Amino acid sequence: MLIMRLALCTMLVILSIQGATQSPQAPVIDCHQHLFSPAAAALVSGNPNAPGISATNLIEHLDSAGIQRALVLSMAYTWGKASRAPVANEYERVKAENDWTAQQVAQYPDRLRAFCSFNPLKSYALEELARCSKHPQLHYGLKLHFGNSDVDLDNPNDVTKVKKVFEAANGYRMPIVVHLRTSIDNNRKYGADQTRVFLNELLAAASDVPVQIAHLAGAGGFDSTTDSALSVFTDAIAKHDARVKNVWFDATAVVRPSMSPDDLQRIATRIRQIGVERVLYGSDAAANPLLYPKAGWSAFQRLPLTPAELRVVATNIPPYMRHFAAAR
Ligand SMILES: [Zn+2]
């Protein structure tokens with residue numbers, strides 16, 4: 001009996017320690033999600049029978065994590081991926097992926113919102129942006145993936161093309177989510193210098209709309225390259241640089257299971273330099289169990305942030321995720 005009581009006591013102590021160190025508040029919004037049409041899943045995986053990820057699949061994942069809403073970033077840009085052989089009728093495929101994503105989120109108007117996407121270096125970029133700006137589900141914002149699209153921030157021609165897209169999105173008042181990390185496949189340079197080009201040339205061209213920097217300026221995980229890119233933003237924030245006043249950061253997939261306490265501390269320090277009130281939680285596509293929203297949020301809670309700081313991140317709502325349809 002005594003042994004049982006002792007065991008029970010120990011269990012209660014463990015539970016209360018967990019309660020004290022973990023924030024019970026699940027994120028209100030998952031700010032970085034993707035759906036895959038069956039065609040896009042087949043393209044990306046090379047498996048013609050790949051099932052894709054539907055809105056219904058995503059809603060199940062969100063429900064199991066207790067997350068109410070998600071920002072769905074269209075995967076249309078992958079139809080113009082720079083390091084893959086070109087596909088026939090590329091622009092038709094891009095439109096079809098954006099439209100499929102729109103139809104999916106329209107099934108859950110009180111929970112999901114989509115941003116349109118495309119490769120900003122393609123000849124159809126401005127045409128697709130104009131089309132999205134008038135679309136009932138796609139006008140909310142734009143997702144650009146500099147790695148997938150191979151936007152080279154050291155190449156003035158690329159910067160000029162992307163600047164036109166930023167200016168046009170600003171004109172349509174469409175917020176922008178940007179995966180800034182340049183192409184790893186094509187060995188593009190990336191770090192503080194390239195991030196300064198982004199700040200000076202691109203961010204300055206979209207000063208009227210919020211801009212969300214994906215993966216804390218990296219590509220998932222957190223290496224020294226990401227840290228030096230991010231330092232350009234944290235320096236600008238420290239100096240109250242007006243160009244970063246509308247900038248948000250998603251911490252999607254930055255915490256990896258293998259990370260040491262030092263790595264976690266480095267990320268937490270950067271998050272505090274950014275300011276927790278502009279850091280957003282995101283999971284990324286539910287393509288493997290480590291990225292499922294429930295697993296992603298528990299990984300995020302490994303960061304040495306206080307429960308109060310975690311709560312701020314969990315309850316942050318960027319302007320483009322407000323004013324949803326009433327729950328049905
Ligand atoms: Zn993503």
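The coordinates are above.
The rules behind the values
Residues numbered from 1 in each chain as written. Predicted model: local features only at pLDDT ≥ 70, side-chain atom pairs only at ≥ 80, totals over all residues. Heavy atoms only, no water. Helix = DSSP H or I, 4+ residues; strand = E, 2+ residues; numbered from the N terminus. Contact = heavy atoms within 4.5 Å. Polar contact = N/O pair within 3.5 Å; in protein donor to acceptor, adjacent residues only side chain to side chain. Buried < 20%, exposed > 50% of the residue type's maximum accessible area, 1.4 Å probe, protein only. Pairing = 2+ DSSP bridges. Right-handed = clockwise from strand over helix to strand, strands pointing away. Disulfide = S-S within 2.5 Å. Donors = N, O, S within 2.8 Å, 3.2 Å for Na, K, Ca; no water. Axes fitted to C-alpha atoms, helices over the stretch in contact; angles between N-to-C directions. Parallel < 35°, antiparallel > 145°, perpendicular 65-115°, else oblique. Left-handed = near helix turned anticlockwise from the far one by under 90°. Core = buried A, V, L, I, M, F, W, Y, C linked by side-chain atoms within 4.5 Å. Salt bridge = Lys/Arg side-chain N within 4 Å of Asp/Glu carboxyl O. Phe/Tyr/Trp six-rings, centres within 6.5 Å; stacked < 30°, edge-to-face > 60°.

*Asks:* Any details on the environment of Q212? Residues and values, ideally.
*Replies:* The residue Q212 is located in strand β6 (residues 211-213) in this model. With 69 residues separating them in the primary sequence, Q212 and K143 have C-alpha atoms 9.2 Å apart. In contact with Q212, other than residues within four places in its own chain, are C31, L71, I176, V177, V178, W248, D250, L280 and Y320. Here the side chain of Q212 touches D250 through a polar contact of 2.7 Å, side chain to side chain. Of note is the side chain of Q212, whose polar atom sits 2.7 Å from the side chain of Y320.

*Asks:* Could you give me a rundown of the pairing of strand β7 (residues 247-250), with the residues and numbers involved?
*Replies:* Where burial is concerned, the two faces of β7 agree: the one with V247 and F249 and the one with W248 and D250 are both buried. The pairing of β6 with β7 spans 3 bridges and is parallel. For V211, the partnering residue across the bridge sits in β7 and is V247. Remark: the β6/helix α9 (residues 224-238)/β7 crossover connection has right-handed handedness. Both β7 and strand β8 (residues 279-280) contribute to a ladder of 2 bridges, which runs parallel.

*Asks:* How would you explain the state of the cysteines if you had to name every residue and give the values?
*Replies:* Within this structure, the stated rule accounts for 1 disulfide. The side chain of C116 participates in a disulfide bridge whose partner is C132; the two sulfur atoms lie 2.3 Å from each other. Its S-S torsion of approximately 90° makes the covalent link between C116 and C132 right-handed. Of this pair, C116 sits in strand β3 (residues 112-117) while C132 sits in helix α5 (residues 125-133), and the two are 16 residues apart along the sequence. Since its relative accessible area comes to 0%, C116 is described here as buried. On the accessibility criterion, C132 (0% relative accessible area) is buried. Cysteine C31 remains unbridged, with the sulfur of C116 as its closest cysteine sulfur at 18 Å. With relative accessibility at 1%, the residue C31 sits in the buried group.

*Asks:* Run through the coordination of the zinc ion, naming residues and quoting values.
*Replies:* Ideal geometry at a metal gives 109.5 degrees between four tetrahedral donors and either 90 or 180 degrees between six octahedral ones. Each protein donor to the zinc ion is listed here as H32 (NE2), H34 (NE2) and D284 (OD); together their distances run 2.0 to 2.6 Å. In terms of primary sequence, the donors binding the zinc ion are separated according to H-x1-H-x249-D. With H34 in the loop between β1 (29-33) and α2 (38-45) and D284 in the loop between β8 and α11 (293-300), the pair connects residues that are 250 residues apart, well separated along the chain.

*Asks:* Hey, could you go over the packing of α9 against helix α10 (residues 261-274) for me, with residue numbers and the actual values?
*Replies:* Viewed as axis vectors pointing N to C, α9 and α10 meet at an angle of 25°, and their least axial separation amounts to 9 Å. Comparing the axis directions of α9 and α10 gives the class roughly parallel. Where α9 crosses over α10, the two elements pack in a sense that is left-handed. Here α9 contributes S224, D227, L230, S231, T234 and I237 to the contact with α10, which in turn contributes R266, R270, Q273 and I274.

*Asks:* Describe the nonpolar core, with residues and values.
*Replies:* F146, F198 and F233 are the most contacted members of the largest nonpolar core, which totals 92 residues. The dominant element in this core, judged by the number of residues it contributes, is α9, at 6 residues. Excluding its chain neighbours within four sequence positions, the residues that come into contact with F146 are V151, L153, V162, F166, V178, H179, L180, R181, T182, S183, F198 and L202. Formed by 13 residues, the second largest nonpolar core is a distinct cluster that contains V28, L73, W248 and Y320.

*Asks:* Can you lay out the pattern of salt bridges for me, pointing to particular residues and giving the numbers?
*Replies:* Across all of its chains, the model carries 15 salt bridges by this definition. Between D208 and R173 there is a salt bridge; the shortest N-O distance is 3.8 Å. With D208 in the loop between α8 (192-202) and β6 and R173 in the loop between α7 (156-171) and β5 (176-179), the pair connects residues that are 35 residues apart, well separated along the chain. Across the pair D241 and R243 runs a salt bridge, and its minimum N-O distance is 2.6 Å. Through salt bridges with shared partners, a single ionic network connects D99, E128 and R131.

*Asks:* Tell me about the packing of aromatic side chains, residues and numbers included.
*Replies:* Tallied over the full model, the rule gives 9 aromatic pairs. Judged by centre distance (4.6 Å) and plane angle (5°), the rings of Y91 and Y124 are stacked. Of this pair, Y91 sits in helix α4 (residues 90-106) while Y124 is found in the loop between β3 and α5, placing the two residues 33 residues apart along the sequence. Of the residues examined, Y91 reaches a relative accessible area of 13% and is grouped as buried.

*Asks:* Tell me about the environment of T252, and name the residues and values.
*Replies:* On the secondary structure map, T252 appears in the loop between β7 and α10. A relative accessible area of 0% places T252 in the buried class. Along the sequence, T252 and H145 sit 107 residues apart, while their C-alpha atoms lie 14 Å from each other. Those residues within four positions of T252 in sequence are excluded, and the remaining contacts are H32, H215, G220, G282, S283 and D284.

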